[in-house]
Amino acid sequence: MEYKNGLDFIKKLDEYGDVKANWIVKVEEETNPNYGSFPWKREIKEHIRNGVINLDKPPGPTSHEVVAWIKRMLGLNKAGHGGTLEPHV
Amino acid sequence: MGWGDPKVTGVLPVALENATKVIGNIVHSGKEYVCVMQLHSEVSEDKLRKVLNEFVGKIYQKPPLRSSVKRTIRVKTIYYIELLEYTGKYALLRIGCEAGTYMRKLCHDVGEVLGVGAHMRELRRTRTGPFKEDETLVTMQQLSEAIYEWRSSGSEKLLRKTILPMEYIVSHMSKIIIRDSAVDSIAHGADLAVPGIVMLHDNIRRGDKVALMTLKGELVALGKALMSSKEIGEVSKGIAVKTIRVVMPPGVYPKKWKTRSKQ
């Protein structure tokens with residue numbers, strides 16, 4: 001996925017999140033390319049460390065087990081889900 | 001896992017490392033499920049539709065016996081229930097609801113009101129917050145293939161499609177874009193003052209949760225608005241947002257904020 005610039009990326013985020021609000025501009029401003037990084041251009045390890053997976057949870061394992069697998073598959077220290085699919089546990 | 005519902009499938013956003021700081025934000029967001037409800041005796045479709053409509057709006061639910069929360073009656077909002085298919089024995093439902101609504105309980109209660117009894121047979125989550133069943137949804141197999149391809153051939157392409165930038169987690173929130181010169185102070189936990197703002201969504205009310213982002217589109221922090229969009233638009237100073245969760249580590253952007261008093 002490529003974007004023209006940061007604002008174009010944010011516009012696409014708004015579409016993804018179904019945000020229909022308009023923008024109020026306070027000042028015209030540029031960003032210095034020497035600092036930070038565009039979210040879609042992060043070095044791959046950084047991309048993973050700052051990533052989220054929209055996962056289709058399979059039947060069988062619990063949400064917790066699935067997260068543990070993903071952690072191991074990617075060799076991460078931390079991973080977490082956005083709300084369990086087993087509300088009774 | 002004993003009494004859990006591991007058979008449940010569907011949208012489960014998984015945050016990696018640094019992204020775990022904000023994934024909790026999704027837990028309390030709106031949900032959509034598709035579920036199969038089995039009726040213990042046949043009722044007419046008209047009657048079923050009528051009863052389902054009675055459950056749209058505010059409902060009262062007592063958490064099930066074996067649950068992880070305190071068992072006091074809670075008010076939950078059902079936004080919509082669509083009857084997708086009905087065979088007389090099985091009803092396929094699409095339900096939009098508030099976080100923490102028990103679908104199993106809902107099916108049981110619908111059965112009670114119908115007078116014939118009912119229970120939930122299958123459940124699939126189709127939305128949580130901004131995450132839906134769309135082209136970004138991936139299976140464990142797809143993830144595993146993408147990791148394999150990256151590890152074996154060094155090709156990142158598939159992995160970059162499979163893992164989304166964490167900014168997607170806040171995609172449904174109101175956003176405020178801040179100047180480069182304000183980023184590091186926020187990364188240190190400071191609140192956001194009006195002069196640090198480049199642009200903002202026009203729908204923010206006082207007290208709303210907002211995402212603070214750079215002009216490059218990076219998520220810096222989550223905050224609570226102390227002013228509405230209108231107020232921020234009108235004033236030129238004052239604290240606009242109280243920072244509540246910092247995501248970006250300090251030092252990514254240059255420190256410009258301490259020197260101000262030395263002018």
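Refer to the preceding data block for the structure.
The model shown is predicted, which means the values in this text are computed figures rather than measured ones.

A look at the overall build of chain A
Moving on, step 1. Counting its regular elements, chain A contains three helices and three strands.
Moving on, step 2. Secondary structure elements of chain A, listed N to C terminal, follow the sequence α-β-α-β-α-β.
Moving on, step 3. Over its C-alpha trace chain A gives a radius of gyration of 18 Å, far above what one expects of a compact globule, namely 12 Å for 89 residues.
Moving on, step 4. For chain A, the spread of C-alpha atoms along the principal axes amounts to about 50 × 30 × 20 Å.
Moving on, step 5. A buried classification covers 45% of the 89 residues belonging to chain A.
Moving on, step 6. Within chain A, residue pairs in contact and separated by at least 24 positions form 41% of the contacts whose partners lie at least 6 positions apart.
Moving on, step 7. With an accessible surface of roughly 4,700 Å², chain A has 50% of that area assigned to carbon and sulfur atoms.
Moving on, step 8. Across chain A, 13 positive and 13 negative side-chain charges occur, with their mean positions spaced 5 Å apart.

Some points on the packing of helix 3 (residues 63-74) of chain A against helix 4 (residues 140-153) of chain B
Each pair of packed helices can be described by the angle between their axes along with the distance between the axes.
Moving on, step 1. The contact between helix 3 of chain A and helix 4 of chain B brings their axes to 11 Å, and the two run at 10°. Comparing their axes, helix 4 of chain B and helix 3 of chain A come out roughly parallel. Contacts between helix 3 of chain A and helix 4 of chain B involve Val66, Trp69, Ile70, Met73 and Leu74 of chain A from the first element and Met140, Leu143, Ser144, Ile147 and Arg151 of chain B from the second.
Moving on, step 2. Split into classes, the residues belonging to the contact of helix 3 of chain A with helix 4 of chain B amount to eight nonpolar, one polar and one charged.

As for helix 3 of chain A
Moving on, step 1. Counted at 1.5 Å a residue, the expected span for helix 3 of chain A with its 12 residues is 16 Å, and the 17 Å between its end C-alpha atoms agrees.
Moving on, step 2. Among the residues of helix 3 of chain A, Ser63, Val66, Val67, Ile70 and Leu74 of chain A are the ones counted as buried. The arc enclosing the buried residues of helix 3 of chain A, seen along the axis, measures out at 100°, which places them on a common side. Turned more than 90 degrees from where helix 3 of chain A packs its buried face, His64 and Arg72 of chain A sit exposed.
Moving on, step 3. On the buried face of helix 3 of chain A, the contacting elements are helix 2 (44-49), strand 2 (51-57) and strand 3 (79-81) of chain A together with strand 1 (9-16) and helix 4 of chain B.

Concerning the pairing of strand 9 (residues 174-178) of chain B
Residue and element names in this part refer to chain B.
Moving on, step 1. Summarising burial for strand 9: five of the five residues are buried, a large majority.
Moving on, step 2. Where burial is concerned, the two faces of strand 9 agree: the one with Ser174, Ile176 and Ile178 and the one with Lys175 and Ile177 are both buried.
Moving on, step 3. In this structure, strand 9 lies alongside strand 12 (residues 209-213), joined through four bridges in parallel fashion. If you follow Ile177 over to strand 12, its bridge partner there is Met213.
Moving on, step 4. In terms of strand pairing, strand 9 meets strand 11 (residues 197-201) through three bridges, oriented antiparallel. What sits directly across from Ile176, in strand 11, is Leu200.

Digging into the side chain of His47 of chain A
Moving on, step 1. Note on placement: His47 of chain A falls in helix 2.
Moving on, step 2. Contact partners of His47 of chain A, with chain neighbours within four places excluded, come to Pro39 and Arg42 of chain A together with Arg160, Ile163, Leu164 and Pro165 of chain B.

As for the sheet that holds strand 13 (residues 219-225) of chain B
Moving on, step 1. Strand order in the open sheet formed by seven strands is 1(A)-11(B)-9(B)-12(B)-13(B)-14(B)-10(B), and the pairing between neighbours is mixed. Of all the strands in the sheet, just strand 1 (23-25) of chain A together with strand 10 (192-193) of chain B have a single pairing partner and so form its edges.
Moving on, step 2. Where helix 1 (residues 20-27) of chain B meets the sheet, its contacts fall on strand 12, strand 13 and strand 14 (239-246) of chain B, and the angle it forms with strand 13 of chain B comes to roughly 45°.

Quick look at the pattern of salt bridges
Moving on, step 1. Scanning the model with the defined rule gives 17 salt bridges over all chains in all.
Moving on, step 2. Among the ionic pairs, Arg179 of chain B bridges to Glu29 of chain A, the shortest N-O distance being 3.3 Å. On the criterion of chain membership, the pair formed by Arg179 of chain B in the loop between strand 9 and helix 6 (180-187) and Glu29 of chain A in the loop between strand 1 and helix 2 is interchain, its members lying in two chains.

Concerning the nonpolar core
Moving on, step 1. Grouped together as the largest cluster of nonpolar side chains are 49 residues, with contacts concentrated most on Ile48 and Ile70 of chain A together with Leu16, Met37, Leu48, Leu93 and Ile95 of chain B.
Moving on, step 2. Domain assignment of the residues forming this core places at least three in each of domain 1 (30-130) and domain 2 (134-164) of chain B.
Moving on, step 3. Counting residues in each nonpolar core, the second largest holds 30 residues, with Tyr3 of chain A together with Phe131, Leu222 and Val247 of chain B among its members.

Side note on the interface of chain A and chain B
Moving on, step 1. At the junction of the two partners, chain A supplies 70 residues and chain B supplies 86 residues.
Moving on, step 2. Summed over both sides, the interface of chain A with chain B buries roughly 7,600 Å², with 64% coming from carbon and sulfur.
Moving on, step 3. At the boundary of chain A and chain B, one finds five salt bridges.
Moving on, step 4. Seen at the junction of chain A and chain B, the total is 41 residue pairs in polar contact (both at pLDDT 80 or more).
Moving on, step 5. Those elements that provide at least two residues to the side of chain A that touches chain B are helix 1 (6-16), strand 1, helix 2, strand 2, helix 3 and strand 3 of chain A.
Moving on, step 6. Of the residues belonging to the side of chain A that touches chain B, the class tally is 37 nonpolar, 21 polar and 12 charged.

Reading guide: rules and limits
- Residues numbered from 1 in each chain as written.
- Chains lettered and ligands numbered in written order.
- Predicted model: local features only at pLDDT ≥ 70, side-chain atom pairs only at ≥ 80, totals over all residues.
- Heavy atoms only, no water.
- Helix = DSSP H or I, 4+ residues; strand = E, 2+ residues; numbered from the N terminus.
- Rg over C-alpha atoms; globule rule 2.2 N^0.38 Å.
- Buried < 20%, exposed > 50% of the residue type's maximum accessible area, 1.4 Å probe, protein only.
- Contact = heavy atoms within 4.5 Å.
- Areas by Shrake-Rupley, 256 points an atom, 1.4 Å probe, with all protein chains shown as cover.
- Lys, Arg positive; Asp, Glu negative; His and termini not counted.
- Charge placed at Lys NZ, Arg CZ, Asp CG, Glu CD.
- Axes fitted to C-alpha atoms, helices over the stretch in contact; angles between N-to-C directions.
- Parallel < 35°, antiparallel > 145°, perpendicular 65-115°, else oblique.
- Nonpolar A, V, L, I, M, F, W, Y, C, P; charged D, E, K, R; others polar.
- Expected span 1.5 Å × (residues − 1).
- Arc of directions from axis to C-beta.
- Pairing = 2+ DSSP bridges.
- Salt bridge = Lys/Arg side-chain N within 4 Å of Asp/Glu carboxyl O.
- Core = buried A, V, L, I, M, F, W, Y, C linked by side-chain atoms within 4.5 Å.
- Domains from an automatic or database assignment.
- Buried area = accessible area lost by both parts, 1.4 Å probe.
- Polar contact = N/O pair within 3.5 Å; in protein donor to acceptor, adjacent residues only side chain to side chain.

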